[in-house]
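Tertiary structure, described
Okay, here's what each chain looks like letter by letter:
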Amino acid sequence: MSRRAIFQRLLGYLKEHRLSLFLCMLSAVISTAFLVLAPFLVGRVTTALFASIADGVFYWDTILCLLAALVALYLISQLFTFLQGFGMARITAHVMQKLRSDIDGKMHRLKLDYYDTHTHGDILSVITNDVDTINNAISQNLTSVVTQITTAVGVLVMMLAISPALTVIPVVMVPLSLLSAAGMMKASETYYGQQQDLLGALNGYVEEMYNGQQVVQAFNHQKQAKAEFRALNEALRDSARKAEVTAGSVSPITTLVNDMGYVVCAAIGCLWAIAGKLAVGSVQAMLEYTWRFAEPFSSLAGMVGSFGAAMAAGGRIFALLDAEEEVPDPQSPAVPREHSGRVVFHQVQFGYTPDRLLMKGVDLAVEPGQKVAIVGPTGAGKTTLINLLMRFYELSGGSIQVDGVDIRQMSRAELRDRFGMVLQDTWLFEGAIADNIAYGEPDMDREKVIASARSACAHSFIKTLPGGYDMFYPQLGVKLCSMAGGGVQKIYMVFLREPSRRDRSGSDLFHLRDGFEIKMNFDRNVSCFIFVNALMHDDFFD
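Calculation notes
Residues numbered from 1 in each chain as written. Predicted model: local features only at pLDDT ≥ 70, side-chain atom pairs only at ≥ 80, totals over all residues. Heavy atoms only, no water. Helix = DSSP H or I, 4+ residues; strand = E, 2+ residues; numbered from the N terminus. Buried < 20%, exposed > 50% of the residue type's maximum accessible area, 1.4 Å probe, protein only. Areas by Shrake-Rupley, 256 points an atom, 1.4 Å probe, with all protein chains shown as cover. Pairing = 2+ DSSP bridges. Patch = residues over 30% accessible without salt bridge, like charges linked within 9 Å, V, L, I, M, F, W, Y side chains within 5 Å. Salt bridge = Lys/Arg side-chain N within 4 Å of Asp/Glu carboxyl O. Axes fitted to C-alpha atoms, helices over the stretch in contact; angles between N-to-C directions. Parallel < 35°, antiparallel > 145°, perpendicular 65-115°, else oblique. Left-handed = near helix turned anticlockwise from the far one by under 90°. Contact = heavy atoms within 4.5 Å. Nonpolar A, V, L, I, M, F, W, Y, C, P; charged D, E, K, R; others polar. Phe/Tyr/Trp six-rings, centres within 6.5 Å; stacked < 30°, edge-to-face > 60°. Arc of directions from axis to C-beta. Core = buried A, V, L, I, M, F, W, Y, C linked by side-chain atoms within 4.5 Å. Expected span 1.5 Å × (residues − 1). Bend = angle between axes of the 7 residues up to and from the residue. pLDDT = per-residue confidence, 0-100.

What follows covers the overall build of the protein. In terms of helices and strands, the protein carries 16 helices and ten strands. Looking at the protein as a whole, 39% of its 542 residues are labelled buried. Taken as a whole, the protein presents about 29,900 Å² of accessible surface, with 59% of it coming from carbon and sulfur.

Taken in spatial order, the four strands line up as β2-β1-β4-β5 in an open sheet, and their pairing is antiparallel. Lying at the two open borders of the sheet, with one neighbouring strand each, are β2 (359–366) and β5 (405–406). Of the pairings in the sheet, the one linking strand β1 (residues 343–350) to strand β4 (residues 397–402) comprises five bridges and is antiparallel in character. Across the sheet, Q349 pairs through a bridge with G397, a residue of β4.

This part is about a nonpolar patch on the surface. A cluster of nonpolar side chains, namely L49, F58, W60, L64 and L67, defines an oily patch on the protein surface of about 480 Å² accessible area. Here the nonpolar patch takes three residues from helix α3 (residues 60–109), the largest share from any one element. By the element assignment, W60 lies in helix α3. Classification of W60 by relative accessible area gives exposed; the value is 54%.

Bringing the packing of helix α6 (residues 164–211) against helix α10 (residues 304–321) into the picture now. Pairs of packed helices are described in terms of their axes, by the angle between the two and the distance that separates them. The geometry of α6 relative to α10 is characterised by a closest axis approach of 8 Å and an angle of 40° between their N-to-C directions. The angle between α6 and α10 places the two elements in the oblique class. For the pair α6 and α10, the sense of crossing is right-handed. Side by side, α6 and α10 meet where M185, S188, E189, Y192, G193, Q196, D197 and G200 of the first sit next to V304, G305, G308, A309, A312, A313 and R316 of the second. Residues of the contact of α6 with α10, tallied by class, amount to six nonpolar, six polar and three charged.

Let us now look at the packing of aromatic side chains. Each aromatic ring pair is specified by the distance between its two centres and by the angle formed by the two planes. What the rule picks out here adds up to five aromatic pairs. Ring geometry for Y262 versus W291: centroids 5.7 Å apart, planes at 80°, classification edge-to-face. Here the residue Y262 occupies a position in helix α8 (residues 222–274), and W291 occupies one in helix α9 (residues 280–302), the gap between them amounting to 29 residues. The class of W291 is partly exposed, set by a relative accessible area of 42%.

Glancing now at helix α14 (residues 446–455). An α-helical segment advances 3.6 residues per turn. Residues three or four places apart therefore align on the same side. For α14, the complete set of buried residues consists of V449, S452 and A453. One side of α14 carries all its buried residues, which in axial view fall inside an arc of 100°. For α14, the exposed residues set more than 90 degrees away from the buried face come down to E447 and R454. Of the surrounding secondary structure, the elements contacted by the buried residues of α14 are α13 (433–437) and α15 (459–463). Phi turns positive one or two residues past the end of α14, at C457, with a value near 55°.

Right, let's talk about the nonpolar core for a bit. Ranked by internal contacts, the top residues of the largest apolar core, which has 30 residues, are L99, I103, I134, I317, L320 and L321. At the level of secondary structure, the elements contributing two or more residues to this core comprise α1 (3–14), α2 (18–55), α3, α5 (120–162) and α10. Discounting residues that sit within four places of it in the chain, L321 has contacts with R9, Y13, L99, D102, I103 and K106.

For α5, built from 43 residues, the straight-helix expectation of 63 Å at 1.5 Å per residue is met to within 8% by its first-to-last C-alpha distance of 61 Å. Its maximal kink placed at N141, α5 deviates by approximately 35°.

Let us look at the environment of F297. Position of F297 among the secondary structure elements: in helix α9. F297 sits 149 residues away from Q148 along the chain, and the two C-alpha atoms are 7.5 Å apart. Ignoring any residue separated from it by four or fewer positions in sequence, one finds F297 in contact with A152, V174 and L178.

Let us look at the confidence of the model for the protein. Across the protein, pLDDT averages 78, with 86% of residues at or above 70. Throughout residues 475–524 the model reports pLDDT below 50, and contacts reaching past four residues in sequence, or to other chains, amount to 95 contacts.

Among the structural elements, E367 can be located in the loop between β2 and β3 (371–375). Judged by its relative accessible area of 31%, E367 falls in the partly exposed class. Between the C-alpha atoms of E367 and S340, which are 27 residues apart in sequence, the distance is 8.2 Å. Residues within four places of E367 in sequence aside, it is in contact with R342 and S527.

Next comes the structure, spelled out in structure tokens:
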């Protein structure tokens, strides 16, 4: 995505706050304009003092009036600075809220293969680091651009009013300073882009190694993991160092060139003051304006690094927001009339990439109440069948029917409400134990929560914990596993819930203990799929 496209999309988030943004910019202009007038009044005070010494008469009225006006200028300038800062903080908060809401909504609409092709750490880096980078660019630099431009224009007008001839010197030096730093500006933008990419890669690697720590240690992969981390960390260090050095060198270069102009202007101004061509106060004001005229350009040049990082962050954010979404639900979704639990795969074709099909012409019919075991080694396609049945992925061909209706004609909520899943991995969220058990049905009463825990043979263990079902930890999964001790290696929390349109409840529970033991309680309208690598008890299945 081009820089222009990124910039336009970022401006799109500011359109809702056009009026507030205009008032903030107006406040910044007024504040800067009053501040620009201050050196002119200071010069007038200096001229009055010099005249008082020369004439032997102290011009109290003139000096006091000028000082009062100077104080008023500073007060008014600070008032509008406060209004501008307050308004900009409010705008930035709303813009960031909208941006984060868009990202959150997008995360729920993304196709599942996006999470398969991007590490969790990289995604989290976009949501946190990149959004914070945009936040800093808007809150700190947006109004600074307006302020610096206003300062440059205002100072130029005041210098022309004092001495058009001396004005030529700083006007010529500014483009020279910018040209001298142009190469550094371009290089810093490139390095900032690399820094954001490497930061996402490093976060993804850390998250991957953290979650797989047991596997890393089981296979003695610590040295390799450290070496890979060191390589990524050193690459990020080098990129960050180059980005900061190149961005940091812009301001000294521009300042050095502008200082040369200041010296030349001071020398000529003093000679003219001695010759009587220019008042002493005008020389002082002119030198102050010469210094201030170069400052906005140095500041804008120094912002290049920040804007470069913002452009890189914006590119990553909008790449996520533009990622392909899952197929939307039909506008008038079908609702099966029956609740038999019949599932039919008809000539199903599927591949994770269009040019490489993993399934071709798969036919399968599961009648109500049947218990079916899908057995095969890792990579045989068991998880793929689940993903297709739950419509996590779209079919490449054929159809799947649940209770006589094609799943593509149903809403995802309707389809998934008819299933209960016991996942291979245990996912425990921050909150109380009861909240985790009732995750699939937030309004589940406590009696049903306890009944579900009893079915999972977890009730007695939960009662021994501090607080029982109300035990709350920020990292609940870690605490539960560490407190289980040697007696229980894993706890499988089964989110048992009754589908909202079924009269009688069914439950399917896998309880692993002392080898392979399965406990299942079904009514006749509940079909069951069991996905395993090897089947040891075939007498349970039809």
